[in-house]
Amino acid sequence: MTQQSGALVFTRLRAQFIKEILSVLRDPRSRMVVFVPPLLQLLVFAFAATLEVSNVNIAINNQDAGRASHELVQRLDSAHFIKRIYHIESRQALQQLINKGEVIAALTIPADFSRTIAAGGSASAQVVIDGRRSNSGQITLAYLSVIAAETGAQMTPDAQTPTPVAVRHWFNPNLIYRWFIVPGLTGVLALFSALLITSLSIARERELGTFDQLLVSPTSVSEIIIAKSLPGLAIGTLLGLFMTGAGVFLFGIPFYGSFLLLLASLLLFILSVVGIGLMISAISMTQQQAILGAFAIGVPSVLMSGFSTPVENMPVFLQWLAQAIPLTHFLIIVEGSFLKALPAVDVLANLWPLALIALITLSTATLFVRRRLQ
């Protein structure tokens with residue numbers, strides 16, 4: 001009898017799992033929501049989202065006719081990150097270009113610039129940055145400072161200049177932005193896919209009118225919860241593995257860590273997200289409510305997880321709240337596995353929070369679903 005009961009449970013779970021997968025694949029709305037956003041995010045984040053500054057316009061008000069200012073302007077004109085240089089004759093024109101947003105920075109070279117350098121002094125030039133684009137403006141200022149320093153060193157080779165600090169970037173020596181962004185996309189894409197699939201599961205049944213059939217079926221509440229969780233777990237894991245493979249084979253990002261530890265982390269991460277999705281689905285009456293609920297949870301989770309900004313820069317309260325977000329811990333594991341062979345001890349230090357979050361979310365989701373089914 002026990003073996004027969006186990007076989008019946010397995011048969012019912014398999015049938016429900018196939019039904020859930022077919023529901024996702026056959027429904028145009030579900031296909032659009034689940035599969036289109038990951039592809040768009042891959043294209044946008046991997047190819048368009050970058051903190052590098054390029055193709056910017058700057059203005060130059062050169063009040064000096066000497067050799068040093070001419071050399072500086074020539075170096076700026078050949079700089080790879082500058083698209084166009086506006087040569088202006090007055091500060092009013094400079095201010096007008098800044099106000100219109102046509103330039104991100106404006107450089108004013110004083111009349112005694114070349115004379116000061118020829119006398120062995122330290123000449124200075126004023127740079128005005130468009131504060132409305134603060135991050136890009138600061139990066140542009142850093143680029144301009146490097147060019148000005150190189151120009152000064154060439155013009156006064158005998159001057160006593162301090163030895164520059166040698167900077168070495170570990171794990172990403174060439175500062176390739178995709179090496180940072182693509183591993184993080186593994187967690188982001190898996191998060192939204194698993195969250196949306198499980199959020200739509202019960203809400204779809206309720207909207208289509210088939211929810212009552214679950215109540216009169218011989219399937220137990222536990223079997224229903226497992227059946228609703230498996231599609232999100234399977235598709236989310238496959239998408240996570242797809243992004244890992246894309247990072248290694250498509251974008252050429254080195255993978256130094258343990259694949260088995262990463263796979264275990266991915267499964268725990270998806271389980272914790274599935275629990276959140278089931279809670280959203282249990283309280284949603286329609287699929288639109290479920291989609292809105294998933295994005296209401298998913299977007300803040302990405303912003304607070306450390307994907308785009310460091311968690312340490314947030315207020316203390318938000319730092320504590322970020323520790324309850326599964327994506328926070330998974331990003332540490334996946335980014336460390338790609339670039340720096342994160343030790344197993346550090347992986348386990350982030351695995352147990354994922355296991356705890358998964359236990360809490362799945363237990364809470366079980367209570368929510370039981371309450372809905374009763």
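Each value, and the rule that gives it
- Residues numbered from 1 in each chain as written.
- Predicted model: local features only at pLDDT ≥ 70, side-chain atom pairs only at ≥ 80, totals over all residues.
- Heavy atoms only, no water.
- UniProt positions renumbered as here; feature names shortened; annotations may be inferred.
- Helix = DSSP H or I, 4+ residues; strand = E, 2+ residues; numbered from the N terminus.
- Buried < 20%, exposed > 50% of the residue type's maximum accessible area, 1.4 Å probe, protein only.
- Contact = heavy atoms within 4.5 Å.
- Areas by Shrake-Rupley, 256 points an atom, 1.4 Å probe, with all protein chains shown as cover.
- Salt bridge = Lys/Arg side-chain N within 4 Å of Asp/Glu carboxyl O.
- Expected span 1.5 Å × (residues − 1).
- Polar contact = N/O pair within 3.5 Å; in protein donor to acceptor, adjacent residues only side chain to side chain.
- Arc of directions from axis to C-beta.
- Pairing = 2+ DSSP bridges.
- Axes fitted to C-alpha atoms, helices over the stretch in contact; angles between N-to-C directions.

Identification of the protein as Transport permease protein from Advenella mandrilli is taken from an unreviewed UniProt entry. Under the UniProt heading Sequence similarities (unreviewed entry), the note attached to the protein is "Belongs to the ABC-2 integral membrane protein family."

Further remarks concern the overall build of the protein. Along the backbone of the protein there are 14 helices and 4 strands. The proportion of buried residues among the 374 residues of the protein is 43%. Here the analysis covers contacts within the protein between residues at least 6 apart in sequence; of these, 80% occur between residues at least 24 apart. Taken as a whole, the protein presents about 20100 Å² of accessible surface, with 64% of it coming from carbon and sulfur.

For the structure on display, the rule yields 1 salt bridge. Residues arginine 75 and glutamate 71 are paired through a salt bridge, measuring 3.5 Å at the closest nitrogen-oxygen approach. Of this pair, arginine 75 and glutamate 71 both sit in helix α3 (residues 67-77), separated by 4 residues, roughly a single helical turn. Of the residues examined, arginine 75 reaches a relative accessible area of 25% and is grouped as partly exposed. According to the relative accessible area criterion, glutamate 71 is partly exposed, its value standing at 22%.

We now examine helix α7 (residues 177-208). When the terminal C-alpha atoms of α7 are compared, their 45 Å separation across 32 residues agrees well with the 46 Å that a helix rising 1.5 Å per residue should span. The element α7 is extensively covered by neighbouring structure, given that 27 of its 32 residues are classed as buried.

So, on to unusual backbone geometry. Positive phi outside glycine occurs at alanine 341, with the angle close to 50°. Assignment of secondary structure puts alanine 341 in the loop between α13 (326-339) and α14 (344-373).

Moving on, we get to the UniProt feature "transmembrane region" (unreviewed entry) in the protein. In the numbering used here, UniProt assigns the "transmembrane region" (unreviewed entry) feature to residues 176-197, 233-253, 259-283, 290-308 and 351-369. From the first C-alpha to the last, residues 176-197 spans 33 Å; its make-up is 95% helix and 0% strand. Secondary structure across residues 290-308 comprises 79% helix and 0% strand; the distance between its end C-alpha atoms is 26 Å.

Before going further, it helps to examine the side chain of serine 284. The topology assignment puts serine 284 in the loop between α10 (259-283) and α11 (287-304). A polar contact is formed between the side chain of serine 284 and the backbone oxygen of isoleucine 280, at a distance of 2.6 Å.

Once that is clear, we can look at the environment of leucine 271. For leucine 271, the location among the structural elements is in helix α10. Those residues in contact with leucine 271 that lie beyond four places of it in its chain are Leu233, Ala358, Thr361 and Leu362.

So, about α3. Taken together, the buried positions of α3 are occupied by Ala68, Ser69, Leu72, Val73 and Leu76. Seen along its axis, α3 keeps its buried residues to an arc of 135°; they face one direction. When the buried face of α3 is taken as reference, the exposed residues oriented beyond 90 degrees from it are Arg67, His70 and Asp77.

With that settled, consider the sheet that holds strand β3 (residues 105-109). What the 4 strands build is an open sheet, ordered β2-β1-β3-β4; its pairing is mixed. Looking at strand neighbours, the two that pair on one side only are β2 (82-87) and β4 (126-129), the edges of this open sheet. When strand polarity is set aside, the average angle formed by the axes of neighbouring strands in this sheet is 20°. Of the strand pairs in this sheet, strand β1 (residues 56-62) and β3 are connected by 5 bridges, and their pairing is parallel. Pairing of alanine 59 across the sheet is with alanine 106, part of β3. Across the sheet, helix α4 (residues 91-100) is in contact with β1, β2, β3 and β4; its angle to β3 comes to roughly 165°.

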